[in-house]
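Coordinate inspection notes
Each chain, written out:
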Amino acid sequence: MMQKDTPSSSPEMNNQVEDEDMIYVGDVEEVIDANNEGDLKEENAMEDLSEGDAVCVFTGHKCGSIFCGALTKNGKLAATGGEEDKAYIWDTSSGEITLDCTGHRDSIIFSAFNHDESYLATGDMSGMIQVWRLTDKVKIWDYNMGDATWMMWHMAANVLLAGSVDGEIYMWKIPDGDCKVFQGYGCRAETGAIFPDGKRIVVGYEDGVIRILDLKTGSVLSSISSTSGHSSTITTIDCHSDNNLILSAAVDGKTIISTSNTGKIISILQNLNNGERDNVLNEDAGNSEGNGDSNWVETAAFCKDPVFQVAATGTVNGEIFIWDISKQVLRQKITQGSGISKLLWKGNTTVLFSAGLDGVLRCYDGKSGDCLHLFTGHTADILDLYVSENGEKALTTSDDSTARIFDISSLR
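Only a predicted model underlies this, so the values are computations on that prediction, with no experimental measurement involved.

Our focus in this paragraph is the overall build of the chain. Counting secondary structure elements, the chain contains 3 helices and 32 strands. Relative to its 412 residues, the chain shows a buried fraction of 58%. Accessible surface computed for the chain: about 16,400 Å², of which carbon and sulfur atoms make up 44%.

Here the focus is the UniProt feature "domain: Anaphase-promoting complex subunit 4-like WD40" (unreviewed entry) in the chain. UniProt marks residues 196-234 with the feature "domain: Anaphase-promoting complex subunit 4-like WD40" (unreviewed entry), using the numbering shown here. The span residues 196-234 shows a helical share of 0% and a strand share of 44%, and its end C-alpha atoms are spaced 21 Å apart.

Judged by nonpolar contacts, the single largest core of 28 residues is most densely connected at Leu120, Ile129, Val131, Trp153, Leu160, Trp172 and Ile174. The element contributing the most residues to this core is strand β6 (residues 108-113), with 4 residues. Apart from residues lying up to four places away in sequence, isoleucine 174 is in contact with Tyr119, Val131, Ile140, Trp141, Trp153, Asn158 and Leu160. In terms of nonpolar packing, the next biggest core, distinct from the first, is built from 16 residues, Ile320, Ile340, Trp345 and Cys371 among them.

Before going further, it helps to examine the pattern of salt bridges. According to the stated counting rule, one finds 7 salt bridges in the structure shown. Between arginine 188 and glutamate 190 there is a salt bridge, and its shortest N-O distance comes to 2.8 Å. Among the salt bridges present, the one from arginine 362 reaches aspartate 358, with a minimum N-O distance of 2.8 Å.

Turning next to the sheet that holds strand β31 (residues 393-398). Reading across from one edge, β1-β32-β31-β30 is the order of the 4 strands in this open sheet, with antiparallel pairing throughout. Both outer strands of the open sheet, β1 (56-58) and β30 (382-387), are each paired with one neighbouring strand and no more. Direction aside, the axes of adjacent strands within the sheet are offset by 20° on average. Where β1 meets strand β32 (residues 403-407), 3 bridges bridge the pair, whose relative direction is antiparallel. The residue bridging cysteine 56 from the neighbouring strand is isoleucine 405, located in β32.

The next subject is the confidence of the model for the chain. Residues shown with low pLDDT carry predicted positions that ought not to be read at fine detail. The pLDDT averaged across the chain works out to 86; a share of 83% of its residues lies at or above 70. pLDDT under 50 marks residues 1-49. Its contacts with residues more than four places away, or in other chains, come to 92 contacts.

Moving on, we get to the packing of aromatic side chains. Taken as a whole, this structure holds 10 aromatic pairs when the rule is applied. The ring of phenylalanine 195 has arginine 200 sitting right over it, with the charged end atom 4.0 Å from the ring centre. Arginine 211 extends its terminal NZ or CZ atom over the ring of tyrosine 205, reaching a point 4.8 Å from the ring centre.

Right, let's get into the sheet that holds strand β25 (residues 329-335). The strands making up a sheet are joined through hydrogen bonds of the backbone, oriented either antiparallel or parallel. One open sheet holds the 4 strands; their spatial order is β22-β23-β24-β25, and the pairing between them is antiparallel. The open sheet terminates on both sides in strands that have one partner only, identified here as β22 (297-302) and β25. Neighbour to neighbour, the strand axes of the sheet diverge by 20° on average, direction disregarded. Pairing of strand β24 (residues 319-324) with β25 involves 6 bridges; the strand directions are antiparallel. Pairing of phenylalanine 321 across the sheet is with lysine 333, part of β25.

We now examine the side chain of threonine 397. With respect to the secondary-structure elements, threonine 397 resides in strand β31. Polar side-chain contacts of threonine 397 include one of 2.9 Å to the backbone oxygen of isoleucine 66. Setting aside residues no more than four positions away along its own chain, threonine 397 makes contact with Ile66, Phe67, Cys68, Gly69, Thr80, His378, Asp381, Ile382, Leu383, Asp384, Thr402 and Ala403.

Checked against the element boundaries, threonine 396 lands in strand β31. Engagement of the side chain of threonine 396 in a polar contact is seen with the side chain of histidine 378, the distance being 2.7 Å. Not counting chain neighbours up to four residues away, the residues in contact with threonine 396 comprise Leu361, His378, Ile382, Asp384, Leu385, Thr402, Ala403, Arg404 and Phe406.

Right, let's get into the layout of surface pockets. If you add up the space inside the second largest pocket, you get close to 200 Å³. Every residue along the wall of the second largest pocket is listed here: His154, Ala157, Val159, Met171, Trp172, Lys173, Asp178, Cys179, Lys180, Gly198, Leu215 and Lys216. With 3 residues, the single largest contributor to the lining of the second largest pocket is strand β12 (residues 169-173). Among the residues forming the lining of the second largest pocket, the class breakdown is 6 nonpolar, 2 polar and 4 charged.

We now examine the state of the cysteines. Applying the stated criterion to the full structure yields 0 disulfides. Unpaired in terms of disulfides, cysteine 371 finds its nearest cysteine sulfur in cysteine 363, a separation of 7.5 Å. Using a relative accessible area of 1% as the deciding quantity, one classes cysteine 371 as buried.

Relative to the elements of secondary structure, tryptophan 90 occurs in strand β4 (residues 87-91). Separated by 12 residues in sequence, tryptophan 90 and alanine 78 place their C-alpha atoms 5.4 Å apart. A polar contact is formed between the side chain of tryptophan 90 and the side chain of threonine 80, at a distance of 3.0 Å.

Between isoleucine 174 and the following residue, proline 175, the backbone shows a cis peptide bond with an omega angle of 15°. Take proline 175: it is sitting in the loop between β12 and β13 (179-182). At lysine 137, a position not held by glycine, the phi torsion is positive, near 60°. With respect to the helices and strands, lysine 137 occurs in the loop between β8 (128-133) and β9 (138-144).

Parameters and conventions
Residues numbered from 1 in each chain as written. Predicted model: local features only at pLDDT ≥ 70, side-chain atom pairs only at ≥ 80, totals over all residues. Heavy atoms only, no water. Helix = DSSP H or I, 4+ residues; strand = E, 2+ residues; numbered from the N terminus. Buried < 20%, exposed > 50% of the residue type's maximum accessible area, 1.4 Å probe, protein only. Areas by Shrake-Rupley, 256 points an atom, 1.4 Å probe, with all protein chains shown as cover. UniProt positions renumbered as here; feature names shortened; annotations may be inferred. Core = buried A, V, L, I, M, F, W, Y, C linked by side-chain atoms within 4.5 Å. Contact = heavy atoms within 4.5 Å. Salt bridge = Lys/Arg side-chain N within 4 Å of Asp/Glu carboxyl O. Pairing = 2+ DSSP bridges. Axes fitted to C-alpha atoms, helices over the stretch in contact; angles between N-to-C directions. pLDDT = per-residue confidence, 0-100. Phe/Tyr/Trp six-rings, centres within 6.5 Å; stacked < 30°, edge-to-face > 60°. Lys NZ or Arg CZ within 6 Å of the ring centre and 35° of its normal. Polar contact = N/O pair within 3.5 Å; in protein donor to acceptor, adjacent residues only side chain to side chain. 1 Å grid on protein atoms, 1.4 Å probe; cavity = no way out; pocket = protein on both sides within 12 Å on 5 of 7 lines; lining within 4 Å. Points joined across faces, edges and corners; volume = space filled by probe spheres on them. Nonpolar A, V, L, I, M, F, W, Y, C, P; charged D, E, K, R; others polar. Disulfide = S-S within 2.5 Å.

Next comes the structure, spelled out in structure tokens:
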């Protein structure tokens, strides 16, 4: 849902961090001061900081925002794309470019490796999608679908999916390019997520409607209407490992848990704009400071730890909520002081990463809510966040025209 600058705890975590690390602030200079014990002067901290905590800073994007990024499973290669109509594959140790993905004519909003890392797909806002074979770095397929809103690889097959401004969902087999187009409904297909079974996709639309589609037939299996669920643009959506529960949030301020099998709403976890709660009578879960009418959840994710059944939601005003899924109640609220663009759980652990609009990547213990680490270096909003499957590296992309690699191997 980020429109800025676009053209249109684990048991091992027993050591407590120092008080300085626990301070939630909205000012990146203060964060830098806390981490570096005053070694940097506040007034020029941003100018003096080059690498910060990053083990690699990629500066191949010469200008503009970097909107998207992905890592290979071992974290050795990154793929990033941005506002200058450029996408690159690069080495996360040296920053050396290994592939310049030429041919795009609009901002890159998607760059990702397929499930077995034989291909990289890049896509731009105009709907130009290109697929590159990694063995010889040759472009083997392209397609122009018209204005696009999102793209994703299937998690287990060489299949690409994309949502359009007109609402259609496209699906291609790679590399032969066989295409299916699923019906649109007169408004943007804002976001989507594939269920773990790989057979269905849930799509959130501009009008607040959520639809579950069968990937084989394209038929609508169930839906949640805007009268009973969300009343405005869906910002984020995630699927539970049980293949049934859906976590969704929208600009209307609501966060909802629903079922894919029946389309039934189980709980409205929060309603930020009205200060209402189902099952949570807690002021801490209410509106943030300032104008509550402008607050909504930008990012949400189920924790994949099978014994820690929670979900995390992050707002544009800088709050993180940790929800008990079975009881539909609030477990923790964290106020980090800057808007949140993306939340990611580290693999199947209870370690939660938060990408901040103040340029700081934060790491939290999902059980206690404690801040475990701050990663600094960016001088502008973090727009995307990706954690390697082996759990050793995190990639961030930013409005500051850099992408950064952080070593997260010790955070478990």
